[in-house]
Amino acid sequence: MTRREPEELSPVLWWVQGVLLVGAAGLLYSPLGVWLLVDHAVMAVAMLVVAAGAQARAGASAPRRWEAGAVGALGLLGLAGLAMPVAVSWWWMGAFWLVVAFCELLAGPDRDDPVAMSLPVALWFAFAGVVTLTLPYRLGTDLALCSVVFLLVAGLSLVVRGVRLGRVGRAGKPSRRWVRRTAVAAQVAVLIVAVGGYAATVTVASDFRQGQQSVADFYRPPAGSAPAAPGAVIRTEPVEAASAHGSGRRVLYWSQDRNGRPTVSSGMVWTPVQGSAQGRPILDWTHGTVGLDPQCAPSRRDLPLQSMTWINHALDRGWVVAASDYAGAGGTAGPDGSEAYFVLADQARDALNIARAARSMPGTGAGDQLTVFGASQGGGVALAAAQLAAAYTPELHLAGVAASAPAANVGRLLQDQPADSLGSWWVGSMVVRSYAQAYPATAPSAVLTDAARLRLPETSQAVCDSEPWLLLPRLVELNMLGTFFAHPPLSDPAWQQAFAENRVSSMTPGVPVFLAQGLSDPLILPKYTAGLVRRYCAAGTAVTTDWMPGVSHDGSVQSGPAAIAWLADRVAGRPAPSSCAEPLPVTPDSNW
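Residues numbered from 1 in each chain as written. Predicted model: local features only at pLDDT ≥ 70, side-chain atom pairs only at ≥ 80, totals over all residues. Heavy atoms only, no water.

Okay, the overall build of the protein next. Of regular secondary structure, the protein possesses 17 helices and nine strands. The principal-axis extents of the C-alpha atoms in the protein amount to approximately 95 × 50 × 45 Å. Burial statistics for the protein: of 592 residues in total, 54% are counted as buried. A separation of at least 24 residues holds for 79% of the contacts in the protein among residues at least 6 apart in sequence. Accessible surface, the protein: about 23600 Å² in total, of which carbon and sulfur atoms supply 62%. Looking at charge distribution, the protein has the averaged site of its 41 positive side-chain charges lying 7 Å from that of its 41 negative ones. (Helix = DSSP H or I, 4+ residues; strand = E, 2+ residues; numbered from the N terminus. Buried < 20%, exposed > 50% of the residue type's maximum accessible area, 1.4 Å probe, protein only. Contact = heavy atoms within 4.5 Å. Areas by Shrake-Rupley, 256 points an atom, 1.4 Å probe, with all protein chains shown as cover. Lys, Arg positive; Asp, Glu negative; His and termini not counted. Charge placed at Lys NZ, Arg CZ, Asp CG, Glu CD.)

This is the structure in structure tokens:
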């Protein structure tokens, strides 16, 4: 049988390689990609495919023979070391992309040579290698997503090259000039956008990390010092926000958990520029979910008031605003610790203790009148703090509490999420990590899939809303991981008990409540808040409601001014109006 030359085989070689690389990208983006061993195996096979293609195209080209040998060796190394750590995986995959790029550029890329890689494709391989070796974010899920994108673009480019060369061969002449120019322009545009986007990401990430390093020492608890009383200030320093009608200070203070053990928390205290210098009311803000990494803490942000757009409505009334990060956040629990996410009894104490801290700080003029306002996770914390305040902080007079889309029953919230949803992977990961530390009887293996347990250390810290440039890629990563919960969260007795302890059940008699809810909220569903309204009203609590049509989960932005105005009336001693006789806009969930 006559041996066919590489030039004759080239169209088939290109598109077969391309199809296999696209298939590898599909496997990595499927639930199989949650397993690091599978990721390594898929990438190793992809390397062997590329090595075989290089060998078939080599002919007399020494660089392509080097490529075939080096890439083949990397592929075999990957198969032999499937259990390699993630840190090693980045170097292994980066070497693959760069070896291919170097050898193809050395061999001389040429769009019209059927055995040569085109220049834009060779540069894409080079770009993939540089990114893989230098990306500042290096979770295993980041590696999987990068590999998906790089394999997909490379594979599609090779398929296009194979199809084009096949058409040229059949027609006996080059393709139309405008088609060639359009294809080249598209490839160059993809490269320019990718390189520009990556350069911008690296620059922003570098600036962000430098800023974080400059404040990291502030959050380290004092070594060797005896714990002080809850609310005692450890240290403060200025925090800047040009939009604030007042001065802010970052504060580190002592708190305690539900068992009375001392903890260290951080936060911010904002003092108005007007109003009386003494006896100022305190507005205690409890923030929603921000992420468990130390750098997610609101007081560590470049924009510390990002979730407090309403703050000037409080400062202009002469109020002091205290905002806890919660104990363990910001780095106060050490490099491996985090906030006690959705352990409401702990975080309610953190909120009340920063009010104590504000009173003791010179120059605040904070008095004994207290109001509490929170949203989402912080809405549940606010209601728990209001329920606890009379017994835990008797020196403070609680005038009222406001909550927007309060997460008052996290167990039911997770139970209602599809097991493979973003809500399960994002919120569920943080809850499981937190509860496994706070409640030793809650075993992650009782409710999670094997894949979820494997990825839990990464997924629980994957999303941080202080890094918006990372939000979309990380959410895409979570969406590719398959099923999170193997069993409903409330099906296990230990988990059921832990969730029951963190359900906001009642309100201290005489404390009025303001509840705001977006009617288009996809996470805290309106029926949940309607159930809470019904329960509070049945117990005799004066509840004022603010149902917001068309508003999603960012309801605190819209409800903030109304909540502050309602709290101001309570501070002024005006009776709280009640919405309990009004019809609810949705059927309430009686289990919330």
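Further notes follow.
Contact geometry for helix H12 (residues 422–438) and helix H15 (residues 493–501): axes closest at 12 Å, N-to-C directions at 95°. As far as their axial angle goes, H15 and H12 are roughly perpendicular. Contacts between H12 and H15 involve Val431, Val432 and Tyr435 from the former and Trp495, Ala498 and Phe499 from the latter. (Axes fitted to C-alpha atoms, helices over the stretch in contact; angles between N-to-C directions. Parallel < 35°, antiparallel > 145°, perpendicular 65-115°, else oblique.)

This paragraph deals with the packing of aromatic side chains. For the coordinates displayed, the defined rule picks out 21 aromatic pairs. Summarising the aromatic geometry, the rings of tryptophan 97 and phenylalanine 125 are spaced 5.1 Å apart at their centres and angled 55° between planes, so their arrangement reads as tilted. Of this pair, tryptophan 97 sits in helix H4 (residues 86–107) while phenylalanine 125 sits in helix H5 (residues 119–134); the two residues are 28 residues apart in sequence, bridging distant segments of the chain. Taken individually, tryptophan 97 and phenylalanine 125 each receive the classification buried, so the pair is uniform in this respect. An aromatic cluster is built from Phe96, Trp97, Trp124, Phe125, Phe127, Phe150 and Tyr198, whose rings are joined through pairwise contacts. (Phe/Tyr/Trp six-rings, centres within 6.5 Å; stacked < 30°, edge-to-face > 60°.)

This paragraph deals with a nonpolar patch on the surface. Taken together, the side chains of Val12, Trp15, Val16, Val19 and Leu20 define a hydrophobic patch exposed on the protein surface, amounting to about 400 Å² of accessible area. Structurally, leucine 20 can be placed in helix H1 (residues 6–29). Residue leucine 20 is classed as partly exposed on the basis of its relative accessible area of 44%. (Patch = residues over 30% accessible without salt bridge, like charges linked within 9 Å, V, L, I, M, F, W, Y side chains within 5 Å. Salt bridge = Lys/Arg side-chain N within 4 Å of Asp/Glu carboxyl O.)

A word on the state of the cysteines. Taken as a whole and judged by the stated rule, the model has two disulfides. The disulfide that involves cysteine 296 links it to cysteine 464, with 2.2 Å between the sulfurs. Pair noted here: cysteine 296 is in the loop between strand E4 (280–286) and helix H8 (311–315) and cysteine 464 is in the loop between helix H13 (450–459) and helix H14 (468–479), with a separation of 168 residues, a long-range link. The pair formed by cysteine 296 and cysteine 464 is uniform in burial state, with each residue classed as buried. Residue pairing for cysteine 537: its cysteine sulfur links by disulfide to cysteine 580, the two sulfurs lying 1.9 Å apart. Taking the sign of the S-S torsion, about -80° here, the bridge from cysteine 537 to cysteine 580 comes out left-handed. With a gap of 43 residues between them, cysteine 537 in helix H16 (residues 526–538) and cysteine 580 in the segment after helix H17 (555–571) connect regions that are remote in the sequence. Judged by relative accessible area, cysteine 580 falls into the partly exposed class, the value being 32%. Here the disulfide map of the protein reads 1-2, 3-4, the bonded cysteines being numbered as they appear in the sequence. (Disulfide = S-S within 2.5 Å.)

As summarised here, the arrangement of the nine strands in space is E1-E2-E3-E5-E4-E6-E7-E8-E9, forming an open sheet in which the pairing is mixed. Taken across any chain shown, the strands that pair with only one partner, and hence form the sheet edges, are strand E1 (233–239) and strand E9 (543–548). Each strand of the sheet is rotated relative to its neighbour by a mean of 20°, with strand direction disregarded. Here E4 pairs with strand E6 (residues 366–375) via six bridges, running parallel. Bridge pairing in E6 places aspartate 284 opposite valine 372. (Pairing = 2+ DSSP bridges.)

This paragraph deals with the side chain of arginine 356. In this structure, arginine 356 sits in helix H9 (residues 344–360). Among the polar contacts made by the side chain of arginine 356, one reaches the side chain of glutamate 395 at a distance of 2.7 Å. (Polar contact = N/O pair within 3.5 Å; in protein donor to acceptor, adjacent residues only side chain to side chain.)

Here the focus is the side chain of serine 424. Within the secondary structure layout, serine 424 lies in helix H12. Once residues lying within four places of it in the same chain are set aside, the contact partners of serine 424 are Gln417, Pro418, Ala419, Ser429, Phe484 and Phe485.

Now for the environment of alanine 73. With respect to the helices, strands and loops of the structure, alanine 73 is situated in helix H3 (residues 62–80). Measuring from C-alpha to C-alpha, the distance between alanine 73 and aspartate 293 comes to 38 Å, with 220 residues separating the pair along the chain.

Let us now look at unusual backbone geometry. Most peptide bonds take the trans form, and the phi angle of most residues other than glycine is negative. Its identity as a non-glycine residue notwithstanding, phenylalanine 342 has a phi of 65°, on the positive side. Within the element layout of this structure, phenylalanine 342 appears in the loop between strand E5 (320–324) and H9. Relative accessible area serves as the criterion here: at 2%, phenylalanine 342 is assigned to the buried category. Even without glycine at this site, alanine 405 takes up a positive phi of about 45°. One can find alanine 405 in the loop between strand E7 (397–404) and helix H11 (410–416).

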